[in-house]
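# Examining the three-dimensional arrangement
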Amino acid sequence: MVAVSHRSDYSRHVCALMWVLSYKEVVLRVIFTFCLFIFSFGSHAFEFGGGKIEIPFVFEGPVTASPTPGVEFFGFTKNHFVGGKSALLQISKFSPPGGVPELDEEERTRYSKQYLLQFLGGIERQRSNFEKTQVEMITISGVPTAKISWKGVANGEGLHGVMYCLIHSGSIMSFHTQDFTSYDSEFIDLAVTSIESLELER
């Protein structure tokens, strides 16, 4: 009877140990998944002349360029590690000498749309089978902003993107994100969320 009792106790200890190990494994998996979630969907602040934007952690950068006085580009990419493919998040700022004249809200809306279509024209000229939506007016950080979505083909690859344009503090600002259609819109959605929640300087 004693031997049976010892075996019974031993079995219970083994079962308890296995449960603890299984529980720890589950907890570790949850922690690992949570860390991946935070890494993938967290963000870090990037300040540019005129505002601040939260860049998703999956995007690396910035790569900066200022080809002429008053023109600044800030680029961030999400490397797909396949064939040199990357998603893009780009900030462009144009500050003409003397700045953009003071505009009322109606004029801001009209010129934001006009500049947006001009900037989009540069994308369209490099794409075939190009399609775009109607220009939509939204508000970003209290400023009227023109927004448009597009899709097209370059080098046999399907691409899609979203572009924005606004006028603020004497400058014209453009925000653009694009990715390959084979990656759906996961990273574009992250970029769009960042752009539409950016903070402009007052």
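Position numbers for residues count from 1 along each chain, tracking the sequence in the order it is written. With pLDDT at 70 or above as the cut-off, local features in this predicted model cover only qualifying residues; side-chain atom pairs require 80 or more to be listed or tallied, and sums for whole chains, interfaces and linings still use all residues. Only hydrogens and water are removed before side-chain values are computed, so all heavy atoms of the structure are retained for them.

### Focus: the overall build of the chain
Quick reminder of the rule: Put simply, DSSP marks the helices as runs of H or I at least four residues long and the strands as runs of E at least two long, and each gets a number from the N terminus on. For every residue, the accessible area (1.4 Å probe, protein chains only) is compared with the maximum for its type, and the residue is labelled buried under 20%, exposed over 50%, or partly exposed between those bounds. For this analysis, residues touch if any pair of their heavy atoms sits within 4.5 Å. Only the protein chains shown count as cover for residues, with accessible areas throughout obtained via the Shrake-Rupley method and a probe of 1.4 Å.
A count of helical and extended segments in the chain gives three helices and 11 strands. Start at the N end of the chain and walk to the C end: the helices and strands fall as α-β-β-β-β-β-α-β-β-β-β-β-α-β. Relative to its 202 residues, the chain shows a buried fraction of 36%. Within the chain, contacts between residues at least 6 apart in sequence are counted, and of these 49% link residues at least 24 apart. Approximately 12100 Å² of the chain is accessible, and the part contributed by carbon and sulfur atoms is 58%.

### Digging into the sheet that holds strand S11 (residues 199-200)
Rule in force here: Two strands qualify as a pair provided DSSP detects at least 2 bridges between them.
One open sheet accounts for three strands, arranged S1-S2-S11; its pairing is antiparallel. The outermost strands of the open sheet, each flanked by one partner alone, are strand S1 (43-48) and S11. The pairing of strand S2 (residues 51-56) with S11 spans two bridges and is classified as antiparallel. Paired with Gly51 across the bridge in S11 is Leu200.

### Points about the layout of surface pockets
Heads up, the condition is: Any residue with an atom within 4 Å of a point lines the site, the site being either a cavity, points on a 1 Å grid over the protein atoms alone where a 1.4 Å probe fits but cannot get out, or a pocket, an open set with protein on both sides within 12 Å along at least 5 of 7 lines. Grid points are joined across faces, edges and corners, and a volume is the space filled by probe spheres set on the points. Note on residue categories: nonpolar means Ala, Val, Leu, Ile, Met, Phe, Trp, Tyr, Cys or Pro, charged means Asp, Glu, Lys or Arg, and polar means any other residue, Gly included.
Size it by volume and the largest pocket reaches roughly 210 Å³. Lining of the largest pocket is provided by Phe73, Leu88, Gln90, Ser92, Phe94, Phe119, Gly122, Ile123, Met163, Ser174 and His176. Secondary structure elements with two or more residues in the lining of the largest pocket: strand S5 (86-94), helix H2 (105-124) and strand S10 (171-180). With four residues, S5 is the single largest residue contributor to the lining of the largest pocket. Per-class residue counts for the lining of the largest pocket are six nonpolar, five polar and no charged.

### Brief notes about the packing of aromatic side chains
In plain terms, the rule: Geometry of aromatic contacts follows a simple scheme: Phe, Tyr and Trp rings, the Trp one being its six-membered ring, pair when their centres are within 6.5 Å, and the pair is stacked under 30 degrees between planes, edge-to-face over 60, tilted otherwise.
On inspection of all chains with the given rule, the structure shows eight aromatic pairs. Ring geometry for Phe48 against Phe175: centres 6.1 Å apart, planes inclined by 70°, an arrangement best described as edge-to-face. Here the residue Phe48 occupies a position in strand S1, and Phe175 occupies one in strand S10, the gap between them amounting to 127 residues. On the basis of relative accessible area, Phe48 is assigned to the buried category, the value being 4%.

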